[in-house]
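Architecture and fold: a report
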Amino acid sequence: MSVRELTTVTCYHCGDACAEDHRVHDDKDFCCHGCEVVYDLLNESGLCDYYALEAKPGVKQRSSVDEQRTELFDLSEVRDRIVEFSEAGITRVRFHVPQMHCSSCIWLLENLHRIEPAILRSRVSFTQKEVAITFREERFPLAQLVKLMRRIGYGPQLTAAKEQVHKGVPHMVYIRLGVAGFIFGNTMMFSFPEYLGSNTEAGLRTGFQWLTVLFSLPVVFFLSTEFFRSAWAGIRSRTVNIDQPIALGIVALWTRSLWEVITGIGPGYFDSLAGLLFFLLIGRWYQAYTYRALRFDRALEDFLPLVVIRRTAEGEVAAKVSDLVPGDRIIIRDQELVPVDAVLRDGVGHIDNSFITGEPLTTRKEVGGTIKAGGRQRGAVIELEVLRSFADSRLKKLWAEQASLQDRPTMPRLIDQVARRFTIAVLLIALGAALYWWGKDPAQVWPVVTAVLIVACPCALALSMPFAYGHTIRLMGKKGLFLRDAEVVERMAHVDTVVFDKTGTLTAREAHEVVWMGASLSTEEKSMVRSLARNSTHPLSAVLYSELKEPLLSVLDVDDHAGEGVFGLVNGVAVRLGAASFSGGVEQPRANGAAHVHLAIGGVWRGYFMVRKRARTGIAQAVARLRTRLRVALLTGDAQVDAELTDAFHDTQVRTGCSPLDKTQAIVQEQQAGHRVLMVGDGLNDAGALAQSDVGITVTETTAALTPASDAILDAQAVLLLPTFLLQARRARRIVLASLAISLCYNLVGVSFAVSGHLTPLFAAVLMPLSSVSVVAFVTVAVTLAARSKH
Amino acid sequence: MSVIFLLIAASTVVAGVFLAAFIRAVRHGQYDDDRSPAVRMLHDPAPPSNENTVDR
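Note that the coordinates shown come from a computational prediction; the quantities given were computed from them, not determined experimentally.

Quick look at the overall build of chain A
Within chain A, the secondary structure is distributed over 24 helices and 28 strands. A fraction of 65% describes how many contacts in chain A between residues 6 or more apart in sequence connect residues 24 or more apart.

Digging into the pairing of strand 11 (residues 349-352) of chain A
Residue and element names in this part refer to chain A. Residues of strand 11 alternate between two faces, with Gly-349 and Ile-351 on one and His-350 and Asp-352 on the opposite face, all of them buried. Relative to strand 12 (residues 363-365), strand 11 runs antiparallel, the two sharing three bridges. Looking across to strand 12, one finds that His-350 is bridged to Arg-364. Two strands pair when backbone bridges link them, and strand 11 and strand 14 (residues 376-377) are joined in this way by two bridges, in the antiparallel orientation. Counted as the bridge partner of Asp-352 is Arg-376 from strand 14.

Examining helix 1 (residues 33-44) of chain A
Residue and element names in this part refer to chain A. Over its 12 residues, helix 1 extends 16 Å from the first C-alpha to the last, a length consistent with the 16 Å expected when each residue adds 1.5 Å. Along helix 1, the positions that sit buried rather than exposed are Gly-34, Cys-35, Glu-36, Val-38, Tyr-39 and Leu-42. Tucked into the core, helix 1 has its buried residues touching strand 1 (23-25), strand 2 (28-30), helix 2 (49-53) and helix 5 (142-151). Where helix 1 terminates, the next one or two residues include Gly-46, which has phi positive at roughly 70 degrees.

Notes on the domain arrangement of chain A
Domain parsing of chain A yields domain 1 (70-151), domain 2 (171-289 + 414-467 + 731-788), domain 3 (303-393), domain 4 (487-507 + 616-727) and domain 5 (509-615). The C-alpha centroid of domain 5 of chain A is placed 45 Å from the C-alpha centroid of domain 1 of chain A.

Considerations on the sheet that holds strand 12 of chain A
Within a sheet, adjacent strands bond to each other through the backbone by hydrogen bonds, running parallel or antiparallel. Spatial strand order, 12-11-14 (chain A): three strands in an open sheet with antiparallel pairing. Single-partner strands in this sheet number two, and they are strand 12 and strand 14 of chain A.

Structural notes on the sheet that holds strand 24 (residues 631-635) of chain A
Residues and elements named next belong to chain A. Spatial ordering of the open sheet is given by 16-28-27-26-17-24-25, a layout of seven strands whose pairing is mixed. The open sheet has two free edges, formed respectively by strand 16 (481-483) and strand 25 (653-655), since each of these has just one partner strand. Strand-to-strand twist in this sheet, taken as the mean axis angle between neighbours without regard to direction, amounts to 20 degrees. In this sheet, strand 26 (residues 677-681) lies alongside strand 17 (residues 497-500) in parallel orientation, the contact comprising four bridges. The residue of strand 26 that forms the bridge with Thr-497 is Val-677. Across the sheet, helix 21 (residues 660-672) touches strand 17, strand 24, strand 25 and strand 26, and the angle it forms with strand 26 is around 160 degrees.

Some details on the packing of helix 6 (residues 171-196) of chain A against helix 7 (residues 202-223) of chain A
All names here are of chain A. As a packed pair, helix 6 and helix 7 sit with axes 10 Å apart at the nearest point and diverge in direction by 160 degrees. By the criterion of interaxial angle, the relationship of helix 6 to helix 7 is roughly antiparallel. Note on packing geometry: the crossing formed by helix 6 with helix 7 is left-handed. Residues Arg-176, Val-179, Ala-180, Ile-183, Asn-186, Thr-187, Phe-190, Ser-191 and Pro-193 of helix 6 touch helix 7, and the partners they reach there are Arg-205, Phe-208, Leu-211, Thr-212, Phe-215, Pro-218, Val-219, Phe-222 and Leu-223. Classifying every residue of the contact of helix 6 with helix 7 gives 12 nonpolar, four polar and two charged.

Considering unusual backbone geometry
Residues and elements named next belong to chain A. Of note, Asp-26 is a non-glycine position whose phi angle comes to about 60 degrees, a positive value. Residue Asp-26 is classed as exposed on the basis of its 10 C-beta neighbours within 10 Å. Despite not being glycine, Asn-571 shows a phi value in the positive range, around 55 degrees. You can see Asn-571 is positioned in the loop between strand 20 (565-570) and strand 21 (573-578). Judged by the 13 C-beta atoms lying within 10 Å of it, Asn-571 is partly exposed.

Examining the interface of chain B and chain A
The interface of chain B with chain A comprises 25 residues on the first partner and 26 residues on the second. Secondary-structure elements contributing two or more residues to the side of chain B that touches chain A are helix 1 (3-27) and helix 2 (36-40) of chain B. With eight residues, helix 1 of chain B is the single largest residue contributor to the side of chain B that touches chain A. Its residues assigned to classes, the side of chain B that touches chain A shows 12 nonpolar, five polar and eight charged.

Concerning the environment of Ala754(A)
Residue and element names in this part refer to chain A. Here Ala-754 shows up in helix 23 (residues 722-755). A count of 26 C-beta atoms within 10 Å places Ala-754 in the buried class. Sequence-wise, Ala-754 and Asn-535 are 219 residues apart; in three dimensions their C-alpha atoms are separated by 85 Å. In contact with Ala-754, other than residues within four places in its own chain, are Val-448, Ala-451, Val-452, Val-455 and Leu-759.

Considerations on the confidence of the model for chain B
In this model, chain B carries an average pLDDT of 81, and 80% of its residues clear a pLDDT of 70 or more. Interface confidence in the predicted complex, given as ipTM, is 0.84; pTM for the same model is 0.77.

Regarding the confidence of the model for chain A
Counting all residues, the mean pLDDT for chain A is 82, and 88% of those residues have values of 70 or more. Note on residues 1-6 of chain A: pLDDT under 50 across the span, and zero contacts to partners over four residues away in sequence or across chains.

Here we look at the environment of Leu431(A)
Positionally, Leu431(A) belongs in helix 13 (residues 414-440). Separated by 170 residues in sequence, Leu431(A) and Val261(A) have C-alpha atoms that sit 25 Å apart.

With respect to the nonpolar core
All names here are of chain A. Counting residues in each nonpolar core, the largest one holds 127 residues, and the members touching the most others are Leu-273, Leu-277, Val-452, Val-455 and Val-489. With 12 residues, helix 23 is the largest single contributor of residues to this core. Setting aside residues no more than four positions away along its own chain, Val-489 makes contact with Tyr-469, Thr-472, Ile-473, Leu-483, Ala-729 and Ala-732.

Looking at helix 8 (residues 225-236) of chain A
For helix 8 of chain A, which comprises 12 residues, the first-to-last C-alpha distance of 16 Å matches the rise-based estimate of 16 Å (1.5 Å per residue) to within 8%. At the C-terminal side of helix 8 of chain A, Arg238(A) shows a positive phi close to 60 degrees.

Remarks on the environment of Phe609(A)
Residues and elements named next belong to chain A. By secondary structure assignment, the location of Phe-609 is in strand 23 (residues 604-615). It is 9.6 Å that separates the C-alpha atoms of Phe-609 and Leu-577, two residues lying 32 residues apart in sequence. Among residues more than four places away in sequence, those in contact with Phe-609 are Val-514, Trp-516, Leu-544, Val-597 and Leu-599.

Rules used in this analysis
- Residues numbered from 1 in each chain as written.
- Chains lettered and ligands numbered in written order.
- Predicted model: local features only at pLDDT ≥ 70, side-chain atom pairs only at ≥ 80, totals over all residues.
- Helix = DSSP H or I, 4+ residues; strand = E, 2+ residues; numbered from the N terminus.
- Contact = placed C-beta atoms within 7 Å.
- Buried ≥ 20, exposed ≤ 12 C-beta atoms within 10 Å, placed from the backbone.
- Pairing = 2+ DSSP bridges.
- Expected span 1.5 Å × (residues − 1).
- Domains from an automatic or database assignment.
- Axes fitted to C-alpha atoms, helices over the stretch in contact; angles between N-to-C directions.
- Parallel < 35°, antiparallel > 145°, perpendicular 65-115°, else oblique.
- Left-handed = near helix turned anticlockwise from the far one by under 90°.
- Nonpolar A, V, L, I, M, F, W, Y, C, P; charged D, E, K, R; others polar.
- pLDDT = per-residue confidence, 0-100.
- Core = buried A, V, L, I, M, F, W, Y, C linked by C-beta atoms within 7 Å.

Below is the structure:
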């Protein structure tokens, strides 16, 4: 008896735990054949620095459900999008490779020329997750390049939609920021004589003042345009937004300063004006910077294959899905999605409709049966005859239906509410001060009113939110939740109800629990079961094969009766695995979504395996934590919910057998009752509900995979952190409120100086940067500390 | 002392040239990717690329 080692062995390539497919090669452990193959390829090409730069940098070769055929890359419209130039046999393409995540990835992708001599050079742009490859196409076709990249785990992703991935910060933001800094610095320098109050000659003094006037022109007419535009849009739509007091402040600053210089009474406040724009634009830059490079919007076309194999008189040729007409014959292989409604003409279909309904068990289709678009074939090759073109398919109608449902209720943004009250308060104070000075010394009215408008400019206010929420977004991103923009944080803070989908969200797609019901089996008998299961294509057999660890034996005379069971001779003994009727057993009542696989050995029924989907680790605790503050609910398309989840959700709303429309309606009901709903789901069947809810979060196993349109993307491993994320959002909102209080204090100090007529240019120039920097520092530190604390 | 305005004009022109260079760099995508240059400089130089080999 050998002692079982307790430490888990991890794969040298990708870091996953090595399970039953564990293999040792070159003194290194690998979790599967795929990882071993990539290692070999890199080793042969002398690229083992890949492993030296980062430990376990590889991406595990999961059979990607979204993989397009490589023939796709020969289509002219695809080539137009990715080929940058092609001349004299040399071509340069630009691929989008979202899998790259570390320095090893960059290194490997820039050293592709060492694997394949036809590749000349490659250059990575990590922020855009793109790689530009120059290669000799005449001797190494594009389709082969794609295959090579897929082999090493960096297959390029293509989307059907026309728009490109968001390309980081727009250039104009940087240009504006650069100009603002240039003008700010120079204006400050020109204002130094004023600050220091030195005895300069009148001629020099006016000269400097006019210089500052000159430099202020680009500030008002180039840098401020977006604030004016937004303020004007607010006025036209009768709403108050934060840009209106800003625009007002800019105008007041500039006109007052111009007046002062022209009439010669003073130097004006041009330095404050330049500083104001500089800090505001920093805020805008930070907002653009925290916007992640993930795509959040999806069209239906992104989910389906763009190209299928069509059988014509000339043979089998690749054709675009949108070109298919009724009557065309198409060929669908194992694991491929059926893109149009079609009739089965040859072969046996085992169709998995989990894409639409979430239910992964397959239905069997015979020749003549109809297969709807969106189903996935799990079995041998089948030939279909197209029934309806893609545009007419039921799937497209379902998608359009969900898109046309009523829009989600709007949630007023905190910043706009504040802006409204702030603007009114400022105007009242200005009015009050004007009346006071009108009675006391009319000459002071305009100076005081403009001073009030100047100092009340909400620079710190406008900065606190982008920095607080932007920083929160970054911290959440590090833990696995990627938000679309800052507004989502605020909506998350207001949520009072959380609705979960089951399949793929609370349960991992591939994790199962297998329990044997019956008299215990010997090791040899378990081996027999495992060996037989290996020869069957049924998903339940795959589960049995991976859950049992006994060594394999040879199997003969395998007879796979799809849908009923599999029969085989293992070591001469007849073994049957499958439905109760097939294995001579008695049908047992199924508890909560379990599947039963009955076993008969040597013609004698022995019992059955109960196979259940396992919930993700920590889900029960996460749900319990959520329930201390919020309401929760579970909506699923499955017929049953397992015991583990039923316990976690007891006394709350649990609905089974929901169609996509049912889910959306349920959320609408909650919203009409005044609740703010956060929905967590995955897959096409949740798309409508996700769009309808106040915050829609999609769970994904890999960030490279496509997910429905939503406000946020959540890594599968991070689902149990959901209560923490909601807490972080609530805290961020409280921090913003605190920072608003701080900036109001600065405003009060400034306004009191302005009302009493003592607002000097120096004071204004110091107050604004001081308030901005202190508020931003406070907000950043507070958010970081709040994220660290455990409760 | 009023020669200072001549000096200011001259230095503003020089500063303006730098500003123009900055804008040009931004337009050409210099700041589009701020992550990979930091990583790239840590890599050891690769053996020369295949650009100069005609036949292989």
